[in-house]
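Survey of secondary and tertiary structure
Here is what each chain is made of, one letter per residue.
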Amino acid sequence: MHVHSAQKIRHMDSGAVSVLAATYLLSLISLIMLNTLFNPLRIALVLMLMLLNALSLTRVHLKLISRPRPTDYTLLIINVLPYSYLLYNRYDLTWVIPSVILLLIFIIETIRGKGRGTVANVSGTVLMASVYLPWYIMMGGLIHSMVIYINAVWLAYHAFSSTYVEGKLPFRPIKPWASSVIWAASLMLVTYLAMDYFKLSAYYLIPLIEPTIRAIHALWEGKLKPSEVGLRIRRIGWGSLAESILLILLLILLLIK
């Protein structure tokens, strides 16, 4: 039992670390390519914040849904408190509202004792991806239409990907096609944002092609058998990581363009 729990914690940590590390990398690249001036100290401080979140939030999550102690609540506050910097920033905070909503959903589900449920897992994953924009701002980046577009794509992708994984698990109430519904709604929003709101070129729709193909394919997929969950979920996890790296590369090409 102890070994199983340790393996589970390591698995969750690796997933959280990969999402947060990729998000930090994307924020940093966006900062460097869209701003002529940037502060190395701010970059280092946000890196420390990323490491703090990556190394401790999974532990806090596990404690809050089991037997939380005062130190666990303190650690949660320590992780969240640095983001209060945004309240004193000169930027319009409209674009970071999704992060606040996702955090509230995650906390509510945890308090309700459903911290390991589908809603908590999906909102938690998208929450980690949503720090792209707060980190970019905290590193000193200026708000740019391209940054808002990347933020929307990044959130939409992780909402789709995490819902897909939940849908494949045999003990979850949702089916894989639920991720297709999530992506269809996200696709309409991101397309409107790119083409109508910011008047960007059709090139900005290219990163949306691969997730759209996967979403169409998911319409006909079924759940995994209980006996194959361990192996197949690891494969899906590695596949999702490769797809997120591909997405980052496509977004970088748009930044270069």
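Scroll up for the structure.
Computed from a predicted structure; not experimentally measured.

Examining the overall build of the protein
In terms of helices and strands, the protein carries ten helices and zero strands. If you list the helices and strands of the protein from N to C, you get α-α-α-α-α-α-α-α-α-α. Taking 18 Å as the expected radius of gyration for a compact globule of 257 residues, we find that the protein reaches 18 Å, a close match to that expectation. Viewed in the frame of its principal axes, the protein has a C-alpha envelope of about 55 × 45 × 25 Å. Burial analysis of the protein (257 residues in total) assigns 46% to the buried set. Look at the contacts in the protein between residues 6 or more apart in sequence, and 76% of them connect residues 24 or more apart. Approximately 13,900 Å² of the protein is accessible, and the part contributed by carbon and sulfur atoms is 72%. Of the charged side chains in the protein, 22 are positive and 10 negative, and the gap between their average positions amounts to 7 Å.

Re helix H2 (residues 40-64)
Compared with the 36 Å implied by 1.5 Å per residue over 25 residues, the 35 Å span of H2 between its first and last C-alpha is a close match. When the local axis directions of H2 are compared, the greatest deviation, roughly 35°, occurs at Ser-56. When H2 is considered as a whole, its buried residues turn out to be Ile-43, Val-46, Leu-49, Met-50, Asn-53, Ala-54, Ser-56, Thr-58, Val-60, His-61, Leu-62 and Leu-64. The residue sitting at the N-terminus of H2 and contributing the capping side-chain oxygen is Asn-39; that oxygen lies 2.8 Å from the backbone nitrogen of Leu-41.

Here we look at the nonpolar core
Soluble globular proteins tend to pack their nonpolar side chains together in the buried interior. Counting 52 residues, the largest nonpolar core has Tyr-24, Leu-133, Trp-135, Tyr-149, Ile-150 and Trp-154 as the members making the most contacts within it. When contributions to this core are tallied by element, the ones reaching two or more residues are helix H1 (2-34), H2, helix H5 (118-130), helix H6 (132-138), helix H7 (145-168), helix H8 (177-197) and helix H10 (229-256). Looking at which element gives the most residues to this core, the answer is H7, with eleven residues. For Leu-133, the contacting residues outside a window of four places in its chain are Trp-95, Val-96, Ile-143, Val-147, Ile-148 and Asn-151. Core analysis: the next-biggest nonpolar cluster, separate from the first, contains seven residues, Leu-169, Ala-218, Leu-224 and Ile-236 among them.

Here is what the cut-offs are and how they apply
- Residues numbered from 1 in each chain as written.
- Predicted model: local features only at pLDDT ≥ 70, side-chain atom pairs only at ≥ 80, totals over all residues.
- Heavy atoms only, no water.
- Helix = DSSP H or I, 4+ residues; strand = E, 2+ residues; numbered from the N terminus.
- Rg over C-alpha atoms; globule rule 2.2 N^0.38 Å.
- Buried < 20%, exposed > 50% of the residue type's maximum accessible area, 1.4 Å probe, protein only.
- Contact = heavy atoms within 4.5 Å.
- Areas by Shrake-Rupley, 256 points an atom, 1.4 Å probe, with all protein chains shown as cover.
- Lys, Arg positive; Asp, Glu negative; His and termini not counted.
- Charge placed at Lys NZ, Arg CZ, Asp CG, Glu CD.
- Expected span 1.5 Å × (residues − 1).
- Bend = angle between axes of the 7 residues up to and from the residue.
- Polar contact = N/O pair within 3.5 Å; in protein donor to acceptor, adjacent residues only side chain to side chain.
- Core = buried A, V, L, I, M, F, W, Y, C linked by side-chain atoms within 4.5 Å.

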